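Each chain, letter by letter, is given below.
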Amino acid sequence: MNDGDRLTKPLTREPSRPGEDINPTKPDVQKPDGGNELMRRLRKVDPDQAKKYRQRSGQ
Amino acid sequence: MTSRDIVIGADVEYGLVVEGRGVSHQVSDCVEVVAAYPGPSHRVWDYRFESPRADLRGFNVARLNTDPIDAQFDGGGGSTNEQANCILPNGARFYSDHGHPEYASPECRSIWELAHHDWAGVLAVRKAAEAYANKKEQEVQVFRNNTDFHGAAYGSHENYLIPRKFSAEELARWLLPLMVTRQLICGAGKVGAESGSKVPFQLSQRAEFMTEVMNVDTLFRRPIFNTRDEPHADKSEWMRLHVICGDVNMMCSQTALKFGLMKLGLLLTYNGVAPEWKLEDPVAAIAQISRSPLKNSQVVLCDGFERSCNILRSYLDAAQKLELDVEMLWTVKEAHELLDLYAQEDLVALSKRCDWAAKWSLIQQIQEDADYASGSPELQAYDLAYCDCDPDEGLFYALEPEFAYQNPAEDQMRRLLKAPPQDTRALARGIATRFAETDACCWRAVTLQGETIDLKPDATYPAELNSATDVKTFRELIKL
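Everything in this summary refers to the structure shown in the same document. If you're wondering where the values come from, they're calculated on a predicted model, not measured in any experiment.

1. Things to note about the sheet that holds strand β5 (residues 85–87) of chain B
Residues and elements named next belong to chain B. Taken in spatial order, the 6 strands line up as β5-β6-β7-β1-β9-β14 in an open sheet, and their pairing is antiparallel. Two strands bound the open sheet, and with one partner strand each, they are β5 and β14 (238–243). The mean inter-strand angle of the sheet, taken between neighbouring strand axes irrespective of direction, is 20 degrees. Where strand β6 (residues 93–97) and strand β7 (residues 100–104) come together, 5 bridges link them in antiparallel fashion. From the neighbouring strand, Phe 94 faces β7, where its bridge partner is Tyr 103. Here helix α7 (residues 252–270) sits on the sheet in contact with β1 (7–13), β9 (156–163) and β14, set at roughly 30 degrees to β9.

2. Here's the deal with the environment of Ala 445 of chain B
All names here are of chain B. Looking at the element boundaries, Ala 445 is found in strand β18 (residues 445–448). Sequence-wise, Ala 445 and Leu 384 are 61 residues apart; in three dimensions their C-alpha atoms are separated by 38 Å. Those residues in contact with Ala 445 that sit more than four places away from it in its chain are Phe 49, Thr 452, Ile 453, Asp 454 and Leu 455.

3. With respect to unusual backbone geometry
All names here are of chain B. Positive phi is not limited to glycine here, since Glu 137 has a value of about 55 degrees. Its identity is not glycine, yet Leu 294 carries a phi of approximately 60 degrees, on the positive side. Look at Leu 294 and you get buried, because its relative accessible area is 7%.

4. Structural notes on the pairing of strand β16 (residues 304–307) of chain B
All names here are of chain B. Where strand β15 (residues 298–301) and β16 come together, 4 bridges link them in antiparallel fashion. Among the inter-strand pairings, Gln 298 is bridged to a residue of β16, identified as Arg 307. Counting the residues that bridge the hairpin from β15 to β16 gives 2 residues.

5. Some details on the side chain of Glu 107 of chain B
All names here are of chain B. Its location among the elements puts Glu 107 in the loop between β7 and α4 (111–136). Look at Glu 107 and you get buried, because its relative accessible area is 7%. For Glu 107, the side chain forms a polar contact with the side chain of Arg 425, separated by 2.8 Å. In this structure, Glu 107 is in contact with Val 7, Ile 8, Pro 421, Thr 424, Arg 425, Ala 426, Arg 429 and Trp 443, ignoring residues within four places of it in sequence.

6. So, the nonpolar core
Residues and elements named next belong to chain B. Grouped together as the largest cluster of nonpolar side chains are 141 residues, with contacts concentrated most on Trp 356 and Tyr 386. For this core, the element with the most residues is α4, which contributes 13 residues. One finds Trp 45, Cys 441, Ala 445 and Ile 453 within the second-largest nonpolar core, a separate group that totals 24 residues.

7. Quick word on the sheet that holds β18 of chain B
Residue and element names in this part refer to chain B. Spatially, the 3 strands line up as an open sheet ordered β17-β18-β19, and their pairing is antiparallel. Since the sheet does not close on itself, it has two edges, and those belong to β17 (438–441) and β19 (451–454), each with one partner. Here the strands of the sheet are splayed against their neighbours by 20 degrees on average, with no regard to which way each runs. Bridge count between β18 and β19: 4 bridges; the pairing is antiparallel. By the bridge assignment, Thr 447 is partnered in β19 with Thr 452.

8. Some thoughts on the pattern of salt bridges
Inspection of the entire model under this criterion finds 39 salt bridges over all chains. Its salt-bridge partner being Glu 37 of chain A, residue Arg 41 of chain A comes within 2.5 Å of it at the nearest N-O pair. Highlighted residues: Arg 41 of chain A and Glu 37 of chain A, both in helix α1 (residues 35–44), separated by 4 residues, approximately one helical turn. Given the relative accessible area of 7%, Arg 41 of chain A is considered buried. Judged by its relative accessible area of 30%, Glu 37 of chain A is partly exposed. In this structure, a network of salt bridges that share partners links the residues Arg 126, Lys 127, Glu 130, Glu 410 and Arg 414 of chain B.

9. Quick word on helix α8 (residues 282–290) of chain B
Among the 9 residues of α8 of chain B, 8 are classified as buried, and the element is accordingly described as predominantly covered. Buried within α8 of chain B we find Pro 282, Val 283, Ala 285, Ile 286, Ala 287, Gln 288, Ile 289 and Ser 290 of chain B.

What counts and what doesn't
- Residues numbered from 1 in each chain as written.
- Chains lettered and ligands numbered in written order.
- Predicted model: local features only at pLDDT ≥ 70, side-chain atom pairs only at ≥ 80, totals over all residues.
- Heavy atoms only, no water.
- Pairing = 2+ DSSP bridges.
- Helix = DSSP H or I, 4+ residues; strand = E, 2+ residues; numbered from the N terminus.
- Axes fitted to C-alpha atoms, helices over the stretch in contact; angles between N-to-C directions.
- Contact = heavy atoms within 4.5 Å.
- Buried < 20%, exposed > 50% of the residue type's maximum accessible area, 1.4 Å probe, protein only.
- Polar contact = N/O pair within 3.5 Å; in protein donor to acceptor, adjacent residues only side chain to side chain.
- Core = buried A, V, L, I, M, F, W, Y, C linked by side-chain atoms within 4.5 Å.
- Salt bridge = Lys/Arg side-chain N within 4 Å of Asp/Glu carboxyl O.

Structure, rendered in structure tokens:
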């Protein structure tokens, strides 16, 4: 299985117009709600899962 | 034409992970997952009326473009019709599509009814995955998202059945600016980027996969405006606007808004009052807006520039010229309010009502607490966990009680899988799944004992169909 970069990648588009294709400034954020249940779930997340996650292209 | 005259449907492809298996097995695994669906269903889909290579611009393409990487994994196998299709008692189709379990909702007229039926699809996919996992003794996960973060996208398509009055070019002229900008208030949100320069977060999962303005393809070289001419109804009367550039939403209110905005755009177009914006490069615009959360970015027009929020708001302002029903009034009000919050950069308030904002708010907090880099794979893992369909594990479910609108609970989802909408042809299809004498079903017809009955999209289907217990009664009622 080839896990390298996929040819399906969209065309690379560098910003060349007055759009703000830059990192957004960080707004004030309150702690997300959800309480202990959210914390329990967050602790169970495997930080490497997205690295391993591969799918076929769909429609 | 009123909003309820526009029959709508949602097709959502889910991400699928089977323990110990990979992309090369995804098609066969998916077929087995669908085949394992434990609920009542009819298993034969009628492919006779499908025409995915027909283009609205009046020609047929010889072949559809496919992903050359995925082609490496194809070979052998295959599946029977019965293994890969479930037509459910609510009129929905649950099936295997290019390795993704796909739930195509029954046709609805109401945007809220559609949003709820679309969400019921989560339960159908979960139940199939659980049945497969139990049978194989392998863990299975399903995700309600549109990307694997490595360049593979899968779709959540919207369908709008409308009278065949306008050409594809005319519809695109009036609707493209709406399709490009609606992500501001109904994008699903995504950590990082899969093309171009790095960004911490995007409004849309799908935007950067749109590489063309118009074409008939869906698997590769995806367009903002898809020109597939496959109405699933009499082609001389009907056309289906097949929208493939949107994200799959987690909040049902966002699904309703996404469909409501497109219905509004269609109503404005049919009444000749849609705003006109000539985008110089729609493909660049949809990507640029996605990459600029809470930035009211400028969109390049053929004759100048305009703020993205202003373009979207122009559709809401034009709606004042129409007499709107309750759902369209809600759409306009909700969109105005979310755009106001967007302009105020009020992420906290947006996070209670807007999918991308809910996810971004959570991701920022995780980043701060764990010191992960912006847009990093570690944060993408939390993005993925947010979309995990397991109600005991998915991060969305833990946050949902704080949201402004609640999704249907599991008991309601269960009922939705059994009960077709009462005001579309989905009623007839759903009831037809009960009978052993049913040969096959599809969007436009059911075939019973060798007789194919056309399901006209604008016909009235009598409520008495709900109590039909035999084919003879069904036939008599449907031909009234």
